[in-house]
Amino acid sequence: MVETYSADQERIYYIPETVKGTTPTNPAMLGVPHELVNPGFTPGNLLLRSGGSYDLFAIKKGTRVPSLKVSYIVPSAAPIDLLQYAKIDLDKTLSVQAIYYKGSWAEATDVLSLLYSYMRIGKANVSCEIDDVLKASLEMVGQNVTTGTAKLSGATYTDYAGAVAFNETDVTIGGSLNDRVVGWKFDINNNPKQVPVIRSTN
């Protein structure tokens, strides 16, 4: 039977990489209260046909393009902890895990893990409206994605809690507080480029 997962059976966690492209040993994974997780992975397979035939005689692995889109409620416990990595001149990369499971999180079964490495935030959008909370959307690109059927060995998982309400934010323009704002938004576009190289992995 084909397994399907609902929105309450998915979680997203991240950790800064000390060595780019490598998930730290026994990582302390941090989670945000997400609204949408959209994992992407384009294998770019090479479909090889012989002359005069529509039938494939081989399929070879091509350029892989790992990507991930995440929309989440900015947690009041650590409002900029994830967003800070959108600052491209920090030159930081992340390991990001999208994890799907059945049952309770403490005793998760039928786990499907997508572990992205060398992730950078390409685009970030932060917004707030009346009678709403502070929200963010991120588009990330990476170098590799590894599938698994379990949580990371030796890892701890912590979920940031809370939210920042609209009346807990303000907008300052030119050093002066603007008290007539009904909504605000800002965008960051780092526009990172994935550059393929010829080697056997990643």
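Provided above is the structure to which this section pertains.
Residues numbered from 1 in each chain as written. Predicted model: local features only at pLDDT ≥ 70, side-chain atom pairs only at ≥ 80, totals over all residues. Heavy atoms only, no water.

Which parts of the structure should I look at to understand unusual backbone geometry?
Glycine aside, negative phi is the norm for most residues, and most peptide bonds take the trans geometry. In the Ramachandran plot, N26 falls in the positive-phi region, its phi being about 45° despite a non-glycine side chain. Note on placement: N26 falls in the loop between β1 (10–16) and β2 (28–31). Residue D91 is not a glycine yet carries a positive backbone phi of 55°. Relative to the helices and strands, D91 resides in the loop between β6 (65–73) and β7 (94–102). Taking relative accessible area as the criterion, D91 reaches 39% and is therefore assigned partly exposed. (Helix = DSSP H or I, 4+ residues; strand = E, 2+ residues; numbered from the N terminus. Buried < 20%, exposed > 50% of the residue type's maximum accessible area, 1.4 Å probe, protein only.)

How should a nonpolar patch on the surface be read in this particular structure?
There is a patch of nonpolar side chains on the surface, built from L47, L56 and I59 and spanning about 280 Å² of accessible area. As for its position among the elements, L56 is in strand β5 (residues 56–60). (Patch = residues over 30% accessible without salt bridge, like charges linked within 9 Å, V, L, I, M, F, W, Y side chains within 5 Å. Areas by Shrake-Rupley, 256 points an atom, 1.4 Å probe, with all protein chains shown as cover. Salt bridge = Lys/Arg side-chain N within 4 Å of Asp/Glu carboxyl O.)

Hey, could you run me through the nonpolar core in this one?
Grouped burial of nonpolar side chains is what soluble globular proteins tend to show. One finds I12, Y14, L68, Y72 and V96 to be the most contacted residues of the largest nonpolar core, which totals 30 residues. Listing elements by their share of this core, those giving two or more residues are β1, β6, β7, β8 (109–129) and β9 (135–141). With 7 residues, the top contributor of residues to this core is β8. Sequence-distant contacts of Y14, that is, excluding residues within four places in its chain, are made with A28, M29, L30, V32, D81, L82, Y85, L94, S95, V96 and Y160. (Core = buried A, V, L, I, M, F, W, Y, C linked by side-chain atoms within 4.5 Å. Contact = heavy atoms within 4.5 Å.)

I keep staring at the side chain of E10 and nothing clicks. Help me out?
Relative to the assigned elements, E10 resides in strand β1. Buried and without a salt bridge, E10 has R11 as its closest oppositely charged side chain, separated by 10 Å. At 3.3 Å, the side chain of E10 and the side chain of H34 are in polar contact. Not counting residues within four places of it along the chain, the set of residues in contact with E10 comprises H34, V37, I99, Y100 and Y101. (Lys, Arg positive; Asp, Glu negative; His and termini not counted. Polar contact = N/O pair within 3.5 Å; in protein donor to acceptor, adjacent residues only side chain to side chain.)

Sorry, what's going on with the packing of aromatic side chains here?
How two aromatic rings sit relative to each other is set out by the distance from centre to centre and by the angle between their planes. All told, the structure shown has 6 aromatic pairs when counted by the stated rule. Between the aromatic rings of Y5 and Y100, the centroid separation amounts to 5.9 Å while the plane-to-plane angle is 55°, which identifies the pairing as tilted. One end of the pair, Y5, is in the segment before β1; the other, Y100, is in strand β7, and 95 residues separate them in sequence. Given a relative accessible area of 11%, Y100 falls into the buried group. Consider the rings of W184 and F186, whose centres lie 6.2 Å apart with planes at 5°: the pair is stacked. For F186, a relative accessible area of 38% puts it in the partly exposed group. These aromatic residues form a ring-pair network of at least three members: Y13, Y101, W105 and Y157. (Phe/Tyr/Trp six-rings, centres within 6.5 Å; stacked < 30°, edge-to-face > 60°.)

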